[in-house]
Structures are given as structure tokens and as C-alpha cells.
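Below, each chain spelled out in residue letters.
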Amino acid sequence: MALAQDVIEKLAARLEEAYKNTQAIVKITDEYPDLTLEDAYKIQYLLRQRKITQGHKIIGLKMGLTSWAKMKQMGVSSPSYAFLSDDYSIPEGAAIPCAELIHPRVEAEIAFVTKKPIQGPGCHIATVLAATDYVIPALEIIDSRYENFRFDLPSVIADNASSARFVVGGISREVDGLDLKTIGVVLEKNGEVVETGAGAAVLGHPAASVAMLANMLAARGESIPEGCLILTGGITAAVAAKAGDTLSARYQGLGSVSVRFV
Ligand code: OOG
Ligand code: MG
């Protein structure tokens, strides 16, 4: 049964508080085991609305749980999407204070920037490549608002797919002449290799993640706008970080992007 609007509002407020106070909460489905995906996205859209009301700008979108490594790590087997707010954006080279986060983890991702809107349904890799301005390496810092980073699909969707911070950097390139399937990525923590992968880990091709996003948005009557930054999902499992750690991802032909925690 769908949740009443006042419950949706209460749950969005609870997640927002957890983000602001860096205090983990029990996952929503512990209290509402029948939480539907539709209600979960209602909570997420309310969080998004509250960001806008608080003067923030929505600067992009992301897909989550698009690789087997991530699905296996989190025990969730369907991709989901979420929004990126301007307060998540960190300039490359800046340090992230761990005091602002609960239990951060870092993911190496390939980000797309659109030069045209992408409207589903029926989008596929070619639709996406034709609408892509450039791709650029990204590190996403996820930080589940749930205790022990444990959740299920509806709970994580409500929590804006654990979004917390992201950094883009390295070399941006047009997609012409790039083989996004075979682009290799090496993720290092304090100079040691901790994960390796290739673009194809993300739904067979990172552009397939953007196509899926467009098709999912179409079901709500929405599309991907022009100039939109899209994180396509972690290529490898996410890596935990604490104060003093530096995480770096090196991408074949696209340079590297790093983040430091203090
Ligand atoms: C959910 C968010 C996953 C990705 O890139 O797969 C995600 C989580 O694992 O906490 O951002
Ligand atoms: Mg991610």
C-alpha cells in the first residue's frame, strides 16, 4: 500500500537530518517493510525539492548499482538513479573533511556531459553517444545514511542512492575514437592498487547506463537535459576512506582524478 504523504514527508526529513547531522539511521524498510519503489522515489524527489528550497541547484544525475562488483558488494541487483546537488561537488585537489560524513566510500566512475537533451523511451548507446559533449573521469564519494551501510533497493533509492560528494577531473574527451568498453581504470588508496576494472563493467558499456537513465526518467515524463553531468556508476566495488587517506583513480587515456580526506 502506498504511504501517506505525511509519512513520505517525515521520512524525507529524517534522511535530510541524517545527512546534515552525520548520524546514521535505521533503514526505512525496518519500519516500513512494504516500502514500494514508487514511494522510495517520492521520498527522493522530496529531498531534491527541499534542496532547491534551501537554495541549492541540481547540477546532474547519477546511476547507481550498475556494475556486478557494486551489486555484489551491496546485495542489490537493480540499478537506480538519483540527483546530484551543488553541495556534493568538490573541486579536484580539495580535501574532504570526514567530520561531514558518516562512513564514506569512494567509487571510480566515468561521467558524461550532454550537449543535447536525451529523451526516452527507446534510448540506446548510439542515442547517448550522439548527445554526449564529452566524458570525464569521476570519483564519487558515497555515504549511506543507514547504519552499517546496509540497505535494500527501496531504502537506498529513498536515500538518494547514498550520494554525498563527487569530484570530476583528469582529461575530458569527446567520445569519437574512444572505446569506452575497454577503458581501464586503476583505483589506488594511499598509493596502493585496491581495485581495477574496465568501462564494460558498467552495464556492458557506460553509455548504456545513461540510456537506462533516460528510459527510466521517461516513465516519469522526464528527460536528461542539455549540459547535464551524469555519473554512470562505480566500475569496481567501493573503497572505504578515513581521515588521512588519498584515493586516486587512473584512467586509460583520460588521466587521473584524486581526492584527499582530512
Ligand atoms: C548505492 C549507490 C551506488 C554506484 O555508483 O553504484 C552508486 C550504494 O552503494 O551505496 O553510487
Ligand atoms: Mg556511484
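Cut-offs and rules
Residues numbered from 1 in each chain as written. Chains lettered and ligands numbered in written order. Predicted model: local features only at pLDDT ≥ 70, side-chain atom pairs only at ≥ 80, totals over all residues. Heavy atoms only, no water. Phe/Tyr/Trp six-rings, centres within 6.5 Å; stacked < 30°, edge-to-face > 60°. Buried < 20%, exposed > 50% of the residue type's maximum accessible area, 1.4 Å probe, protein only. Near = heavy atom within 4 Å. Polar contact = N/O pair within 3.5 Å; in protein donor to acceptor, adjacent residues only side chain to side chain. Helix = DSSP H or I, 4+ residues; strand = E, 2+ residues; numbered from the N terminus. Nonpolar A, V, L, I, M, F, W, Y, C, P; charged D, E, K, R; others polar. Core = buried A, V, L, I, M, F, W, Y, C linked by side-chain atoms within 4.5 Å. Contact = heavy atoms within 4.5 Å.

Taken as a whole, this structure holds four aromatic pairs when the rule is applied. Residues Phe 83 and Tyr 88 carry aromatic rings whose centres are separated by 6.3 Å and whose planes lie at 15 degrees to one another, so their mutual orientation is stacked. Each member of the pair, Phe 83 together with Tyr 88, is buried. When the centroid spacing of 6.5 Å and the interplanar angle of 50 degrees are considered together, the rings of Phe 149 and Phe 151 count as tilted.

Near ligand 1, the surroundings consist of 17 residues, among which Leu 65, Lys 70, Glu 107, Ser 162 and Gly 234 are the closest. For ligand 1, an oxygen atom lies 2.7 Å from a polar atom in the side chain of Lys 70. A distance of 3.0 Å separates an oxygen atom of ligand 1 from a polar side-chain atom of Glu 109. Top element by residues in the shell around ligand 1 is strand E1 (residues 58-64). It accounts for three residues. For the shell around ligand 1, the class distribution of residues is eight nonpolar, four polar and five charged.

Our next topic: the nonpolar core. The nonpolar side chains of a soluble globular protein tend to be buried with one another. Formed by 87 residues in total, the largest nonpolar core has its most connected members in Ile 28, Ile 43, Phe 112, Ile 224, Tyr 251 and Phe 261. A per-element tally of this core places helix H1 (residues 5-21) first, with seven residues. Ignoring anything within four residues of it in the chain, the contact list for Ile 224 reads Thr 114, Lys 116, Pro 117, Ile 118, Val 210, Leu 213, Ala 214, Leu 217 and Ile 230.

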